[in-house]
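Results of the structural survey
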Amino acid sequence: MLKAAEYQIILAKNETDGLKKASQFHADLVIVNQTHIKLLQHELSLLIRQLSYMPILVLGSQNEAAEILELGADSFISSPPNPRELKARINSILRPKRKLPPHKIDGSNNESNSNTLNLKTSYKLTPTENRLDSCLKQNQGHLIEYQSLINAIWGEDKIRLDTLHYYMRRLKSKVSFPRIIQQRGIGYLLDRS
């Protein structure tokens, strides 16, 4: 069904193989079929934490839905899934989110003024790339330290710096203007010029 919808599918034998393939192929979404692999709660929790930089959709028993979402999964569908619902859920996860009113990292509102550029991206961004793009645009011209950017995008999750750099490289390859500038050892900024 997903192949017919023109998704590229990468199958894994188990969670270790899945982790390896997800990072090797730079997956945009990970689907975990809890009913087939029967991970214990701590194993599923560990898997979700290790893949926290990617959206995770879990298929499982309806009575596990709240527990799986509390572990950090982005979405849940009871198994076996309705094909139409599964496709809609995948599209929803991968669709760039609507823009929210601009907020600076410190939580204050950023009133728009005549100096603010209205930038639109015509490239298809993953949800993580979209959050990075929005954060950089909201703070255009201001250097955002690595840890502040990680906190703004992933919250309290423990994310390694190389994960941030990986997503920034992907974003840079899709967005050519305005330029994303890295100040080595400090952070990133979106150039005003």
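Summary of the structure given here.

1. Regarding the sheet that holds strand 4 (residues 144-145)
- If you trace the three strands from one edge of the open sheet to the other, you get 4-6-5, paired in antiparallel fashion. Edge positions in the sheet fall to strand 4 and strand 5 (180-183), since each has one partner strand and no second.
- Direction of pairing for strand 5 relative to strand 6 (residues 187-190): antiparallel, over a ladder of four bridges. Residue pairing in the sheet places Gln183 in a bridge with Gly187 of strand 6.

2. A look at the nonpolar core
- Leu132, Leu136, Leu149, Leu164, Met168 and Tyr188 are the most contacted members of the largest nonpolar core, which has 31 residues in total.
- For this core, the secondary-structure elements that each account for two or more residues are strand 1 (30-33), strand 2 (56-60), helix 4 (65-71), helix 6 (127-138), helix 7 (146-154), helix 8 (161-174) and strand 6.
- Apart from residues no more than four positions distant in its own chain, Leu136 is found in contact with Ile144, Met168, Leu171, Ile180, Tyr188, Leu189 and Leu190.
- If you look at the next biggest cluster of nonpolar residues, it comprises eight residues, including Leu59, Ile77, Leu86 and Ile90.

3. Overview of unusual backbone geometry
- Cis geometry is found at the peptide bond from Ser79 to Pro80, where omega equals 0°.
- Mapped onto the elements, Pro80 comes out in the loop between strand 3 (75-78) and helix 5 (83-94).

4. A closer look at the packing of aromatic side chains
- Summed over the entire model, instances satisfying the criterion amount to three aromatic pairs.
- Here Trp154 and Tyr167 contribute two aromatic rings whose centre-to-centre distance is 6.1 Å and whose plane-to-plane angle is 55°, an arrangement assigned as tilted. Of the two residues, Trp154 sits in helix 7 while Tyr167 sits in helix 8, which places them 13 residues apart along the sequence. Neither Trp154 nor Tyr167 differs from the other in exposure class; each is buried.
- For the ring pair Tyr166 and Tyr167, a centre distance of 4.9 Å and an interplane angle of 80° mean the geometry is edge-to-face.
- Assessed through its relative accessible area of 13%, Tyr166 is described here as buried.
- Owing to a relative accessible area of 3%, Tyr167 belongs among the buried residues under this scheme.

5. Quick word on the sheet that holds strand 1
- Taken together, the three strands give an open sheet; going across it, the order is 1-2-3, and neighbouring strands pair in parallel fashion. In the strand order of this sheet, the two ends are held by strand 1 and strand 3, each with one partner. Ignoring strand direction, the axes of neighbouring strands in this sheet form an average angle of 20°.
- Of the pairings in the sheet, the one linking strand 1 to strand 2 comprises four bridges and is parallel in character. From the neighbouring strand, Ile31 faces strand 2, where its bridge partner is Leu57.

6. Considerations on the pattern of salt bridges
- Taken as a whole, this structure holds seven salt bridges when the rule is applied.
- Residue Arg170 pairs with Glu129 through a salt bridge whose shortest N-O separation is 2.6 Å. With Arg170 in helix 8 and Glu129 in helix 6, this residue pair connects regions lying 41 residues apart in the sequence. Glu129 matches Arg170 in its accessibility class, with the two residues each being buried.
- A salt bridge links Arg160 to Asp162; its shortest N-O distance comes to 2.7 Å.
- On the basis of relative accessibility, which here comes to 59%, the residue Arg160 falls in the exposed class.
- Overall, Asp162 belongs to the partly exposed group, its relative accessible area being 38%.

Reading the values: rules and limits
Residues numbered from 1 in each chain as written. Predicted model: local features only at pLDDT ≥ 70, side-chain atom pairs only at ≥ 80, totals over all residues. Heavy atoms only, no water. Pairing = 2+ DSSP bridges. Helix = DSSP H or I, 4+ residues; strand = E, 2+ residues; numbered from the N terminus. Core = buried A, V, L, I, M, F, W, Y, C linked by side-chain atoms within 4.5 Å. Buried < 20%, exposed > 50% of the residue type's maximum accessible area, 1.4 Å probe, protein only. Contact = heavy atoms within 4.5 Å. Phe/Tyr/Trp six-rings, centres within 6.5 Å; stacked < 30°, edge-to-face > 60°. Axes fitted to C-alpha atoms, helices over the stretch in contact; angles between N-to-C directions. Salt bridge = Lys/Arg side-chain N within 4 Å of Asp/Glu carboxyl O.

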